[in-house]
Amino acid sequence: MIGMDETYRRLCERQKRTAVLSSVGAVLHWDQETNMPKAAAAHRAEQSALLAGLTHDWATDPEVGRLLSELEDGGIAQELREKTGGDGAHRSASGAPAPREDELSDAAVNVREWRRGYDRATKVPRELVEEIARTQTLAHEAWVTARAQKDFAQFRPWLEKIVDLERRVADCIGYAEEAYDALLDAYEPGMTARQVAPVLGRLREQLAPLVRAIAGAPRRPDVSILHREYPVAAQEAFAREVAAAIGFDFARGRLDVVAHPFCTELGPCDVRITTRYDERFFSGAFFGVIHEAGHGIYEQNLPAAHWGTPLAASVSLGIHESQSRLWENFVGRSRAFWEYWFPRAQQRFTALAGVRLDDFVFAINAVQPSFIRVEADEATYNLHILLRFELERALIRGELKAADLPAAWNENFEKLLGLKVPDDAMGCLQDVHWSGGLIGYFPTYALGNLNAAQLMEAARAELGDVDAMLRAGEFAPLREWLTRRIHCHGMRYRSARLIEVVTGRPLDEGALLRHLNGKFGELYGLSRD
Ligand code: ZN
């Protein structure tokens, strides 16, 4: 066994070195988005390309593959087979033996995930990787022009090419059922379209009537409250106070201003969140900061002792997004939360003088079907995602031609949201994802909302009166619960299994629908029958 221990130690050392190199790239990217002078762009591109190339070379070094095989031959593969009921994937839904990932050794978890990453990085030939990189750059330019001119025809040939390239990637990586699964796996390891589709389908069936009911509701919020004068300095001070209160640790993190907000982890004690301010709008920066702080709290509470290994990495985008959405929507848009924070906000913003708490809570929860996903409210947001998931899956399956995308988009959009799409810029050209080859990414946004809802119900069941805690400004119990149940595991569990372990049942749409129907039913005065 000493031989195996030595092999594992050598693999860990290599992989951690690669993680350190990769984190240097993250520093450069963060700097580029926050502080870098414009004129530095060309040199920065060279720095980033060099680092990306080196990181890729280190990650795909044949020695990594050799060490992995040695460990797998030495028994870890057998452990993975025995304790996960097969290939490491979650399969209890199909009746196969229930996975026992909780019994896996740390080494087995790391080897499983390193193998997955190594295979994904090495199975696609270099020529294809280079062709994809070239295509993405050109497709992105074509997309920018097409969107500005509201002319899908200019983007169509690029979308055709991207769909073709992504299908080839899927074939290289391999899949059991459909090519889309290999693409989804990049963002949501182990998840398949067949698992996601029924949940999203049922969500769609029940969300659309809720949104219609809200449109015909007797009560309307006064959203003008949120579009008054909110000085940037006061917005920043307030957002920092709230982010710190819910648990974002500013001793191990920063908040900066960018054009397109994100959260990035630069090391075990260094998590950067970002936002942008609009002096005439309260919600954008405030809920943006709470959202990114939710991502940041996840990163800050991964087990630092395992840094650089999968045991200290996030599970998937869908789990990451559940952490941001839980704080943003389930906590940050709740009445209980504002019972504590509203008087404090009134001290900072004269715009809120004389505003009633109920009117403010109604305003921050306004539902209004609209064309643009990134501006969508909590109720309609998921409908935007469902549309994209169904269309991109059909593109990859070959059931939908790129040329027919605008018509399919517009028809389904009207069915879902009751609005006639005026042009492709407001329709199928609005998102950057497809031009960048990010097919399989969209469902993780909806998974984030579904996971957050189910986790919040579990937290309420275990912690007791969570609303009373929020009303008292006590956020530590909820944050610590998330750390105990989600953060501390790193990638030990695949997302589907993690949700099942934490909440006692597989992911379904029930919790999210209960949350949305309950909250909006009450706010909008909808009758329940
Ligand atoms: Zn997010």
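Residues numbered from 1 in each chain as written. Predicted model: local features only at pLDDT ≥ 70, side-chain atom pairs only at ≥ 80, totals over all residues. Heavy atoms only, no water.

A. Highlighting the overall build of the protein. Of regular secondary structure, the protein possesses 20 helices and three strands. Taken over C-alpha atoms, the radius of gyration comes to 23 Å for the protein, in line with the 24 Å a tight globule of 529 residues would show. Side chains of the protein carry 63 positive and 76 negative charges; the gap between the two charge centres is 2 Å. (Helix = DSSP H or I, 4+ residues; strand = E, 2+ residues; numbered from the N terminus. Rg over C-alpha atoms; globule rule 2.2 N^0.38 Å. Lys, Arg positive; Asp, Glu negative; His and termini not counted. Charge placed at Lys NZ, Arg CZ, Asp CG, Glu CD.)

B. Structural context of the nonpolar core. Of all hydrophobic cores here, the largest spans 138 residues; its most connected members are Trp327, Trp338 and Phe360. Trp327 has contacts with Ile246, Ile290, Gly294, Ile297, Gly332, Phe475, Leu478, Arg479 and Leu482, leaving out every residue within four places of it along the chain. (Core = buried A, V, L, I, M, F, W, Y, C linked by side-chain atoms within 4.5 Å. Buried < 20%, exposed > 50% of the residue type's maximum accessible area, 1.4 Å probe, protein only. Contact = heavy atoms within 4.5 Å.)

C. Structural view of helix H5 (residues 126-148). Across its 23 residues, H5 extends 33 Å between first and last C-alpha, which sits within 8% of the 33 Å expected from 1.5 Å per residue. For H5, the full list of buried residues reads Leu128, Ile132, Thr135, Ala139, Ala142, Trp143 and Ala146. In this structure, the buried residues of H5 make contact with helix H6 (156-173). A positive backbone phi angle near 50 degrees is found at Lys150, which sits one or two residues after H5. (Expected span 1.5 Å × (residues − 1).)

D. Structural detail: the packing of helix H11 (residues 317-331) against helix H18 (residues 476-485). At their nearest, the axes of H11 and H18 sit 12 Å apart, and the two run at 155 degrees to each other. With respect to H18, the axis of H11 lies roughly antiparallel. At the point where H11 passes H18, the crossing takes the right-handed sense. Residues Gln323, Leu326, Trp327 and Val331 of H11 form the contact with H18, whose own contacting residues are Leu478, Arg479 and Leu482. Per-class residue counts for the contact of H11 with H18 are five nonpolar, one polar and one charged. (Axes fitted to C-alpha atoms, helices over the stretch in contact; angles between N-to-C directions. Parallel < 35°, antiparallel > 145°, perpendicular 65-115°, else oblique. Left-handed = near helix turned anticlockwise from the far one by under 90°. Nonpolar A, V, L, I, M, F, W, Y, C, P; charged D, E, K, R; others polar.)

E. Layout of the environment of Leu447. With respect to the helices and strands, the residue Leu447 is situated in helix H16 (residues 443-463). C-alpha of Leu447 to C-alpha of Glu188: the two residues are 259 residues apart in sequence and 9.4 Å apart in space. Among residues more than four places away in sequence, those in contact with Leu447 are Glu188, Met191, Gly318 and Leu507.

F. The sheet that holds strand S3 (residues 270-275), seen in detail. Taken together, the three strands give an open sheet; going across it, the order is S1-S3-S2, and neighbouring strands pair in mixed fashion. Strands with a single pairing partner mark the edges of an open sheet, and in this sheet they are strand S1 (253-257) and strand S2 (263-267). Looking at each pair of strands side by side, their axes are set apart by 25 degrees on average, direction ignored. Here four bridges tie S2 to S3, and the two strands are oriented antiparallel to one another. Bridging across to S3, Thr264 finds its partner in Arg272. Against the sheet, helix H10 (residues 283-300) engages S1, S2 and S3, with an angle of about 165 degrees to S3. (Pairing = 2+ DSSP bridges.)

G. Spotlight on the packing of H16 against H18. At a closest axis distance of 11 Å, the pairing of H16 and H18 adopts a crossing angle of 110 degrees. The angle between H16 and H18 places the two elements in the roughly perpendicular class. For the element pair H16 and H18, the recorded crossing hand is right-handed. Contact with H16, carried on its side by Leu455, Met456, Ala458, Ala459, Glu462 and Leu463, involves Pro477, Leu478, Trp481, Arg484 and Arg485 of H18 and no other residues of that element. Within the contact of H16 with H18, the residues separate by chemical class into eight nonpolar, no polar and three charged.

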